[in-house]
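Letter by letter, the chains look like this.
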Amino acid sequence: MAADAAPPAAPPAALPAGLPAPPELAVRLVEALVFASADPVSERVIAELLEAQGQVPADIEDLGAYVRGVIDAVVARYDGRGVAPVQVAGGWQFRTAPDLAPRLTRVLHRPRRLARATMETLAIVAYHQPCTRAEIEEIRGVSLSQQVLDTLLEASLIVPRGRKEVPGRPILWGTSADFLRHFGLRDLRDLPRREELLVDVPDNPALRAHAGSAVPQGPGTAEAGASGEESGVTILAEGADDV
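Just so you know, these numbers come straight off a predicted model, no measurement behind them.

Chemist: Lay out the overall build of the protein with the relevant residues and their values.
Modeler: In terms of helices and strands, the protein carries ten helices and four strands. Listing each helix as α and each strand as β along the protein from the N terminus yields α-α-α-β-β-α-α-α-α-β-β-α-α-α. Here the protein holds 243 residues, and the buried ones make up 44% of them. Looking at the protein alone, contacts between residues at least 24 apart form 63% of all its contacts between residues at least 6 apart. Working note: accessible area of the protein is about 12700 Å², and carbon and sulfur atoms make up 53% of it.

Quick look at the structure:
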């Protein structure tokens, strides 16, 4: 069970009229599954559990809506509690209530933070993926050390996404599911808009060109990102796992 602050939960899905309240056993089963899982639990896995345990009424036509109704019942059960199930990285996971997370920072051991250059590289990958090592270096304006890549790989924050069809066929890099989990993001659309993070763009033509390109759109629900000396890109990670 993660000790991070919970990002805002997704709004409850609208249930079809006449859909009965989920059985208490179904709610408890989902609660136990999410609690016992180290990784976020997808709604597909929850549906499989409920079907295997005979907790899906025979007259249910929309299984997805029924599963979401069970999840909403679990979420409602933890309203105002110290922990809450939240949607993150494509699944559900228990997280610390947002108002309590700051009070725990002096009590719980926090793992080491990534170095600034490593965080800057991670931010570039997040906003430009899939991208090659040469493209990362072009955006940063400095060479990329193997140690930085190794650190991100060992932390499971980036993964290979195939090879670019150009001479030499360099590896394309992208973020992983663990990246979403560490920073409390439901998906990449939850990344803050890149223009919100560019606080001091230097005289780097490559960086200016990339700054004007398309960026993932979505609500800035997670204060996640990277810090960089050369690029002036600042991404905060309050309430997210440090690595």
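Chemist: Help me get a handle on the packing of aromatic side chains, residues and values and all.
Modeler: Scanning all chains against the criterion turns up three aromatic pairs. Pairing Y78 with F94 gives two aromatic rings, centres 5.0 Å apart and planes at 65°, and the pair type is edge-to-face. With Y78 in the loop between helix 3 (63-77) and strand 1 (83-88) and F94 in strand 2 (residues 91-96), this pair connects stretches of sequence that are 16 residues apart. Consider the rings of F179 and F183, whose centres lie 5.1 Å apart with planes at 50°: the pair is tilted. Judged by relative accessible area, F183 falls into the buried class, the value being 7%. A network of ring pairs unites the aromatic residues F35, Y78 and F94 as a single cluster.

Chemist: Hey, could you go over the pairing of strand 2 for me, with residue numbers and the actual values?
Modeler: Burial within strand 2 is extensive, with six of its six residues counted as buried. Neither face of strand 2 is exposed, since G91, Q93 and R95 on one face and W92, F94 and T96 on the opposite face are all buried. Bridging between strand 1 and strand 2 involves six bridges; their strand directions are antiparallel. Note that in strand 2 the partner of V88 across the bridge is G91.

Chemist: Lay out the environment of V159 with the relevant residues and their values.
Modeler: Along the chain, V159 falls in strand 3 (residues 158-163). The exposure class assigned to V159 is partly exposed, which follows from its relative accessible area of 26%. Between the alpha carbons of V159 and F179 there is a distance of 9.9 Å; along the sequence they are 20 residues apart. Filtering out sequence-adjacent residues up to four positions away, V159 remains in contact with L172, W173, G174, T175 and S176.

Cut-off values and rules
Residues numbered from 1 in each chain as written. Predicted model: local features only at pLDDT ≥ 70, side-chain atom pairs only at ≥ 80, totals over all residues. Heavy atoms only, no water. Helix = DSSP H or I, 4+ residues; strand = E, 2+ residues; numbered from the N terminus. Buried < 20%, exposed > 50% of the residue type's maximum accessible area, 1.4 Å probe, protein only. Contact = heavy atoms within 4.5 Å. Areas by Shrake-Rupley, 256 points an atom, 1.4 Å probe, with all protein chains shown as cover. Phe/Tyr/Trp six-rings, centres within 6.5 Å; stacked < 30°, edge-to-face > 60°. Pairing = 2+ DSSP bridges.

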